[in-house]
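The chain contents come next:
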Amino acid sequence: MTQFSIDRRSVFKGAGALVVSIGIPGVAAAEIGKPVKPALSPDQLDSWLAVKADGDVVAYFGKMDMGQGVDVAIAQIVGEELDVPFERINVVMGDTAWTVNQGGASGSTGIQKGGIPLRNAAAEARRVLVELASQRLGVPADRIEVTDGVVAVSGDPARKLSYGELIGGRYFDLAMTWNGKIGNDLVAEGQAKPKPPSAYKIVGQSPPRFDVPAKVFGKLDYVTDIKVPGMLHGRMIRPPVAGAVPVAVDDGSVQDLPGVRVVCDKGFVGIVAEREWDAVQAVERLHVTWSEAAPPFPEMAALYDHIRQASVVKREVPVATGEIDPAFASAARIVEAEYEWPFQSHASMGPACAVVDARADRATLWTGSQKPHFARDGVARALGLPQDKVHGIWVPGPGSYGRNDAGDAGIDAALLSKAVDRPVRVQGMRYEGHGWDPKGPASIHRARAALDKDGAVIGYVFESKGFSRIDIDTNESDPSYSLAGQLMGLPLKSLQGFGVPAESYGFASKRSAWETIAPLLDRGSPLRTAHLRDPVGPQIQFASESFIDEIAAATATDPLAFRLRYLKAPRDIAVVKAAAERAQWDPRPSPRPDRSGDTLSGRGIAYAQRSGAVVAIVAEVEIDRRTGKVWARKFTVAHDCGLIINPDGLRRCIEGNVVQGTSRALTEEVAFDRAKVTSTDWLSYPILDISETPEAVDIVLINRPELPPAGAGESSIRPVAAALANAVFDATGVRLRRAPLTPQRLKAALA
Amino acid sequence: MAERIAFELNGETRTVEVAPDTPLLYVLRNELGLSNPHFGCGLAQCGACTVHVDGAPTRSCSLPVSQAAGTKVMTLAGLGTPEHPHRLQAAFIAEQVPQCGYCLNGWIMTAAALLRDTPHPSEQQIRDGLSGLKCRCGTHMAILRAVRRAAQAA
Ligand code: FES
Ligand code: FES
C-alpha cells in the first residue's frame, strides 16, 4: 500500500517535496553554528539551505518545478555558488513547513526570480564557511580556495576542512536582509556577492532531471497516490446549469452503495465513500433537485458579438506614443483587421486531486497545486484555522499550466474532511477537468494601421477586449476564488487584467490598449477565467503578429524585411534574424505565388517578447486543400532568455511550449451551450495528436551571460499561433482571423 | 455483490474481492495498492491507465475487473526496473521525456507492444501506433525520439 510515510517519501532524491528531514546525526565537535534551527523566515540563511553532516547540501526552494527541471537549475545555481558538486545538492520544494513562500510556480519566474534568494544564500553560506575555515586553519581568507565543498589552503592542500566538518548538521543562525515581499518578488541577500557568470562551471551544463527515472519506472507517487490512514474518497457534484443550486438532495438514492455519505452546504454538494468506485457511482446515482436557474451564457456562436457589445469594466492604455489621430487623418491608406480567440481549457492530464486531513485545531493538505503555500492559506481560511496550523505539502500532480483545477480541489477536500471528520481524498472526473477548470479568456482584438503614400506605417492602434485574465485570482489563497467558495455563495471579486502586444515596433505613432468585460456569471461559473499558460499572451500575439503580416502583405513586403524595418530592440532583431537564417528564409512577400495543387505549403514568422525573454519562430506548414487540415511540419525557434542555466532542459521546455502552442492554435476551443460547458472530454476538446506532431523543432539558443536569466516556461508558446496563421496565409492566400485554425474554417475559407 | 477474482499482476498471483464491474484501474490502485497506473479520463480516451493484459495494451479504466480474471496483467512498474530497464524506459530516461509524466503509462506500454510486434517500425508506424494517446504537457517530440531510440536499440 502507498500509505503515506516519511520513509517512502525520502526514496527519490529531490523529487518534489520528498525530503522532509535533513537528518542531523553526528554533530561531532562542531564549534560553530547552532544545534537548533531558527524559525522559518526569509531573513534566516537556514531557511534557504542546510549542510548535512556528510557535506551534502539541502536547498529549500519556495517555488516549484512543474516538470521542466527548475529544481535542477536551482541545484546548479546553489552548487555553483557554494562550489559543491551538483550531485550533492538536494532540493526541497513546496512544503510549507520547510520553505518560505516564493510564490509557487508563477509566470515562469522559477529561475528568474526564485533563483535570486537561493543564489544569494549560497554565496553567503560560502562566504561564512570560508571565513570560519580561515580562522580554524589560521590563514587569511584570500589564501583559501574551495573545491567540491572542501576548503583548503592555497598551495597546501593537506590543510583542509570540508563544509561537512565545518558546519554539517548544524545551523548557521545567520541573518540576511530581505525586501519584505512574500511571493515572486521576494529577495533575500547576505553580505556576499555572487560569482560573475564568467566563473560558472555548473551553470550552463545540462545535468538531467531528478524525477525522470522514478516517473519512467512507475515509482513516483503523485498527489493522486497519497493515502492516509482512515481516508475516505470524495467526489464533487456540479450543477447541470451553471448558477443552479440544489433545492433537495435525496440521500436515499445512494443508500444501496456501502458507506456513502452526502455532504451538502448551499451550492456545495459532495460525496464521500470508503471505496473510490462507490464514490464514483454515487455521483451518477445521487438524485439532486436543482433550482431553475436562467441559463447564463450566450449561444456559443454569439460569443464574439457578446464581447463586442459588452460594456467595458476597465480600460487601460499602456502604450501611447506619437500623434495617432493626425496620422490616421493624413493616411494614404488604412489597413485594419479583427481577430478572435476562444476560451481554452487547462485540460490537465488528470483531473485535480487533493487530500486534506482536517482536525478541530489543525489540518494537513496534500496538493498538486503549483502554489502550495497559497493553497495552504486558502484551506486555512476555508476551515477557519490560523495559517500556521495548516501544513501544506506539495506532491507532483498532473501537469499544471497556471491556475488550473488543482486550486479548487484542496478547498473541496478541506470542506469534505471537516464535514465528515475524516481525511478525504478528492479527485475530479474528466468532465470536471475539462468542464469546470478555470478557463483562459476569450477575446477579440482590433488592429488598424495608417500608411503614408510610400507604404510606411505612420500610425498603429491595437486594442484587445475580452474577459479578464484574473476573474479568478492567480492563486487560491482566498476561498472566494475557489469553486467551492463560490458555490457556497461567496461572490466573485473579479480582478481586472488583460495585456498588450509585447514587441518593439517603432511606428511613428502607436497605441496599445485593452478592455475587460464582466464575467458571464458572477459566481461558480465553468467559464470563469484565470491564468492559463502565458496568460493572454498567445491570443494577443496571435492577433498582433498576424496583423504585422497583414500590413506587410498590404504593402507587398517580405514579412521578415517588414519586421526588420521597424523593430527597435537589438535582442528582438537578433532573434528574428537568427530564426530566419536558420530556417533559410526565402525573402518574398506572402502569399507565395504558386498556390496550385492539393497539398499547399507555406512559411510564416512571428516573434514576441516576454518578461525579459524574446523568441522568434518560423513555422512551415503543409495543408491539405481538400480537408483544410493544417500540419505544422517544422518550427525553427530562436530563443534568448538571457543567461542559460541548463541548455538541454531549456530545449525540451521550448519543444513543450511549441507543441502545446500548436495544439491551442489548431484545435483547442471550449464549447458551451447556454447552460454549461459541453466540451468535457478529449473527443470534444481535442489536443494535438502524436500523429500530427511536427517533423522537427529546430532550436537556436542565444546565450547572454551578461544578462540575468529570464523565464522560459512560457515565452515560446506566445508567438506559435501567429507563426502558424502567417504560414497558412503564405500557403493559401487565406487569412484566418479566428482561432483555432480548424480544418472546417480553412476549408470553408478556401472554397 | 463482491466476487473473488484472481489474476497475475507483474508475475504474482493476486486475488481480490470486489464488485465485478469495478474497473481494473480502481482495483490496481486501491485494492492492490499500486500508485501507477493513473486515472486520466475514465473514458478510454487518454491512455494514462494503460497496462498490458495478456500482452495487449489495455485501458484499465474501462475494463471491468471480471474480464481480467485469469489473465496476466503487467504495469509500467512490471515492465522493467532501474536494474533491468526495458529498452523503452532506458530511452525515455536518455531522452528525458516526461514533464509531469502523468501520461507515461500510455506511451511506454503502448510502444512496448508496438516494438514487440514491429521491432523496426517506420516513422509512420510509430505515429499511427501511438495515435490517440494524450500528453497535455506536449512532450510529443521527445516521445517520438525515445521510441525511435528504443527501436534502434532492438
Ligand atoms: S484513464 Fe483510462 S484512458 Fe484515460
Ligand atoms: S508529461 Fe505531462 S501529460 Fe505528458
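Here the structure is a predicted model, which means the values were calculated and not measured.

S.K.: Would you take a moment to explain the packing of helix α4 (residues 104-117) of chain B against helix α5 (residues 123-130) of chain B for this structure?
M.R.: When two helices pack together, their arrangement is given by the angle between their axes and by how far apart the axes lie. Residues and elements named next belong to chain B. Following both chains from N to C, one finds α4 and α5 inclined at 130°, their axes separated by 10 Å at the closest point. Taken together, α4 and α5 sit at an angle that is classed as oblique. The way α4 lies across α5 gives a crossing that is right-handed. Contact with α4, carried on its side by Trp 107, Thr 110, Ala 111 and Leu 114, involves Gln 125, Ile 126, Gly 129 and Leu 130 of α5 and no other residues of that element. Class assignment for the residues of the contact of α4 with α5 results in 5 nonpolar, 3 polar and no charged.

S.K.: Whenever I open this one, the pairing of strand β3 (residues 50-53) of chain B confuses me. Can you help?
M.R.: Side-chain positions along a regular strand alternate between the two faces of the sheet. Residues and elements named next belong to chain B. Every second residue of β3 is oriented toward a common face, with Thr 50 and His 52 on one face and Val 51 and Val 53 on the other, all of them buried. The sheet contact formed by β3 and strand β4 (residues 56-59) spans 4 bridges and is antiparallel. Residue pairing in the sheet places Val 53 in a bridge with Ala 56 of β4. Where β3 and strand β5 (residues 72-74) come together, 2 bridges link them in antiparallel fashion. Note that in β5 the partner of Val 53 across the bridge is Val 73.

S.K.: It is not clear to me how the pattern of salt bridges should be interpreted in this structure. Could you clarify?
M.R.: Think of it this way: side chains of opposite charge can pair up when their charged atoms draw near. Tallied over the full model, the rule gives 72 salt bridges over all chains. With a shortest N-O distance of 3.4 Å, Glu316(A) and Lys314(A) are connected by a salt bridge. Notably, a salt bridge pairs Arg136(B) with Glu668(A), separated by 2.6 Å at the nearest N-O pair. Here Arg136(B) is found in the loop between α5 and α6 (140-152), whereas its partner Glu668(A) is found in the loop between α16 (647-666) and β28 (696-702) on a different chain. The residues Arg136(B) and Glu668(A) share a single accessibility class, namely buried. One network of salt bridges, with partners in common, ties together Asp305(A), Arg308(A), Glu338(A), Glu340(A), Arg446(A) and Arg738(A).

S.K.: Sorry if this is basic, but what is going on with the environment of Ala671(A) here?
M.R.: Residue and element names in this part refer to chain A. By the secondary structure assignment, Ala 671 is in the loop between α16 and β28. The spacing of Ala 671 and Leu 45 is 626 residues in sequence and 50 Å in space, taken between C-alpha atoms. Not counting residues up to four positions away in its chain, the partners in contact with Ala 671 are Met 300, Val 677, Thr 678 and Ser 679.

S.K.: What should I look at first to understand the sheet that holds strand β27 (residues 629-640) of chain A in this one?
M.R.: Where strands meet in a sheet, backbone hydrogen bonds hold them as pairs that are either parallel or antiparallel. Residues and elements named next belong to chain A. On the basis of which strands lie adjacent, the open sheet formed by 4 strands has the order β25-β26-β27-β28 and mixed pairing. Edge positions in the sheet fall to β25 (599-610) and β28, since each has one partner strand and no second. Adjacent strand axes in the sheet meet at a mean angle of 15° when their direction is disregarded. Here β27 runs beside β28; their pairing, made up of 7 bridges, is parallel. Across the sheet, Val 637 pairs through a bridge with Ile 699, a residue of β28. Across the sheet, helix α17 (residues 720-732) is in contact with β25, β26 (613-624) and β27; its angle to β25 comes to roughly 150°.

S.K.: Got a minute to help me understand the sheet that holds strand β14 (residues 312-321) of chain A in this structure?
M.R.: Residue and element names in this part refer to chain A. Taking strand neighbours across the sheet as the criterion, the 5 strands line up as β14-β24-β23-β22-β15 in an open arrangement whose pairing is mixed. Both edges of this open sheet fall to β14 and β15 (333-341), since each of them pairs with a single strand only. Geometrically, the sheet is characterised by an average inter-axis angle of 10° between neighbouring strands, direction not taken into account. Two elements, β14 and strand β24 (residues 510-517), share 7 bridges in a ladder whose sense is antiparallel. Its bridge partner lying in β24, Thr 321 is registered against Lys 510. Running at roughly 150° to β15, helix α13 (residues 537-554) makes contact with β15, β22 (443-451) and β23 (457-467) of the sheet.

S.K.: What is the right way to read the nonpolar core from this model?
M.R.: As a rule of thumb, soluble globular proteins bury nonpolar side chains together. Core analysis: the largest hydrophobic core is formed by 83 residues, its most contacted members being Phe547(A), Phe635(A), Val637(A) and Leu724(A). Lining this core are residues from two domains, each supplying at least three of them: domain 3 (300-342 + 439-517) and domain 4 (537-750) of chain A. Once residues within four sequence positions are removed from consideration, Val637(A) is found in contact with Val615(A), Ala616(A), Ile617(A), Ile654(A), Val658(A), Val697(A), Asp698(A), Ile699(A) and Val700(A). The next biggest cluster of nonpolar side chains, apart from the first, holds 62 residues, and it includes Ile444(A), Leu521(A), Trp682(A) and Ala150(B).

S.K.: I would appreciate a short explanation of the interface of chain A and chain B in the present structure.
M.R.: Quoted interface sizes are often the accessible area lost when the parts come together. Residue-level contacts link 66 residues of chain A with 57 residues of chain B. In total, chain A and chain B occlude about 5,000 Å² of area from one another, counting both sides; carbon and sulfur atoms represent 57% of this. When the area that chain A buries against chain B is broken down by residue, the three leading residues are Phe217(A), Met349(A) and Ile690(A), summing to 18%. Here chain A is connected to chain B by 4 salt bridges. One salt bridge in this structure joins Glu655(A) and Arg145(B), with 2.8 Å as the shortest N-O distance.

Parameters and conventions
Residues numbered from 1 in each chain as written. Chains lettered and ligands numbered in written order. Predicted model: local features only at pLDDT ≥ 70, side-chain atom pairs only at ≥ 80, totals over all residues. Heavy atoms only, no water. Axes fitted to C-alpha atoms, helices over the stretch in contact; angles between N-to-C directions. Helix = DSSP H or I, 4+ residues; strand = E, 2+ residues; numbered from the N terminus. Parallel < 35°, antiparallel > 145°, perpendicular 65-115°, else oblique. Left-handed = near helix turned anticlockwise from the far one by under 90°. Contact = heavy atoms within 4.5 Å. Nonpolar A, V, L, I, M, F, W, Y, C, P; charged D, E, K, R; others polar. Buried < 20%, exposed > 50% of the residue type's maximum accessible area, 1.4 Å probe, protein only. Pairing = 2+ DSSP bridges. Salt bridge = Lys/Arg side-chain N within 4 Å of Asp/Glu carboxyl O. Core = buried A, V, L, I, M, F, W, Y, C linked by side-chain atoms within 4.5 Å. Domains from an automatic or database assignment. Buried area = accessible area lost by both parts, 1.4 Å probe.

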